[in-house]
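The chain contents come next:
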Amino acid sequence: MIITSRANPLIKEIASLSEKKFRKQAGLYLVEGTKPVKECIAAGCDIEKIVCTADNEKTFSGAVVVSDGVFKSISSEKTPQGALAVVKMPQTPLRKPEGCCLLLDCLQDPGNLGTVIRTANAAGYEEIYLINCADPYSPKAVRASMSGIFFVKLFSGSCGEILSLLEDVPLICADMDGENIFGFIPPERHCLCIGNEGSGISREVFSKSAYSVKIPMRGTCESLNAAVSAGIAMYALKNNIK
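This section reports on the structure supplied with the text. Within every chain, residues take consecutive numbers counted from 1 along the sequence as written. With the structure being a predicted model, the display of local features is reserved for residues of pLDDT at least 70 and the display and counting of side-chain atom pairs for 80 or more, all residues being used for whole-chain, interface and lining totals. Derived side-chain values reflect all non-hydrogen atoms in the structure, with water molecules and hydrogen atoms excluded from consideration.

**Describing the packing of aromatic side chains**
For step 1, the next point in the chain: For Phe, Tyr and Trp, rings pair up if their centres lie within 6.5 Å, where Trp contributes its six-membered ring, and each pair is then called stacked (planes under 30 degrees apart), edge-to-face (over 60) or tilted (otherwise). Within the structure shown, the criterion is met by four aromatic pairs.
For step 2, the next point in the chain: Look at Phe-150 and Phe-151: their rings are 6.3 Å apart centre to centre, the planes differ by 65°, and that puts the pair in the edge-to-face class.
For step 3, the next point in the chain: By the criterion adopted, a ring carries a charge over it if an Arg CZ or a Lys NZ lies within 6 Å of its centre and within 35 degrees of its normal. The residue whose ring lies beneath Lys-238 is Tyr-125, and the NZ or CZ to ring-centre distance is 4.7 Å.

Put into C-alpha cells, the structure is as follows:
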C-alpha cells in the first residue's frame, strides 16, 4: 500500500522531525538519500523505519512506501532521492574521552558542524564534545557529515560539565596568536578545541587550555572557515605526534 496523504499520522510525525524540539522529544532524526540510508544500515544504526518512493521499494525491503508528492513534503532536499530513514539518536552519557578528541565551542552553523564531524571521522577523532553548538542531528548537519555522524560519539553538556571531564586532557586551542601548528609537537592524547565562527574560543575554555596553535596564513587572508581550520588542525596534530 502506498501512502498518498500528507495528513497520514506517520507522515506528520516524520515532517515534525525537521524541527529540533520535536527531534529532541522523539529522540529521532532523519537520514536522507539512497547512499546515506544504505550506509546508515551498514553502520548498524538503530533505525526505526525507512520511507521511500515506489522507485526505491526493491532497494529497501520492508520500507514504508509513499507517493512522490508525499515524499517531497517530508524531504529537506531540493531534489529528493526518494529514500529516508528515521533513526534513533544514540544515548551517550557524558564520560571522559578514551583517545584524542574534539571540543567544539559554540559552533553555530550546522553545515560547519556536519563538516567537522565528517572530517573528525576521517582523521580518527572519534569523540566530540559539544558546548552550545548547533544541533548535530539537524538535516543540514547530518547531510554535511556525509555519514560521519554514524561513526563518532557526540557528547553535549554545559561548559562546566565538559571542562570537568577534560581536566586531565591537555586542551589545544585554535587561536590566531598561537604557535605555528606545523612545528608544534602535541601530546599523544589531547583535545583540539575549535571555537565559534565569529568570536572564536570562549574565555572559559581558553583559560583551561594547555596550548594554543595557529594555522599560518598570508597577510591578505584574515581568517579561515571554522570547518576548514578544524580539518587542517586535526591532520596536522595527528601527523606531528611522535
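**Concerning the pattern of salt bridges**
For step 1, the next point in the chain: Think of a salt bridge as a Lys or Arg side-chain nitrogen and an Asp or Glu carboxyl oxygen that are within 4 Å of each other. Throughout the structure, instances matching the rule amount to seven salt bridges.
For step 2, the next point in the chain: Of the charged contacts in the structure, one is a salt bridge between Asp-135 and Arg-23, with a shortest N-O distance of 2.7 Å. With a gap of 112 residues between them, Asp-135 in the loop between strand E6 (127-131) and helix H6 (139-145) and Arg-23 in helix H2 (residues 20-26) connect regions that are remote in the sequence.
For step 3, the next point in the chain: Summary of the burial criterion: residues with accessible area below 20% of their type's maximum are buried, those above 50% are exposed, and those between are partly exposed, where the area comes from a 1.4 Å probe applied to protein chains only. The exposure class of Asp-135 is buried, given its relative accessible area of 13%.
For step 4, the next point in the chain: On the basis of relative accessible area, Arg-23 is assigned to the buried category, the value being 3%.
For step 5, the next point in the chain: Between Arg-95 and Glu-127 there is a salt bridge, with the nearest N and O atoms lying 2.7 Å from each other. Placement of Arg-95 in the loop between strand E4 (83-88) and strand E5 (101-105) and of Glu-127 in strand E6 is noted, with a sequence separation of 32 residues between them.
For step 6, the next point in the chain: Classification of Arg-95 as partly exposed rests on a relative accessible area of 25%.
For step 7, the next point in the chain: For Glu-127, a relative accessible area of 5% corresponds to the buried category. Comment: elements are numbered from the N terminus, with helices defined as DSSP H or I runs of at least four residues and strands as E runs of at least two.

**Focus: the environment of Ala-120**
For step 1, the next point in the chain: Looking at where Ala-120 falls in the secondary structure, it is placed in helix H5 (residues 110-123).
For step 2, the next point in the chain: A sequence separation of 51 residues divides Ala-120 from Gly-69, and the C-alpha atoms of the two residues are 36 Å apart.
For step 3, the next point in the chain: Residue contacts are counted whenever heavy atoms from the two residues lie within 4.5 Å of one another. Contact partners of Ala-120, with chain neighbours within four places excluded, come to Leu-102, Tyr-125, Ile-128 and Met-234.

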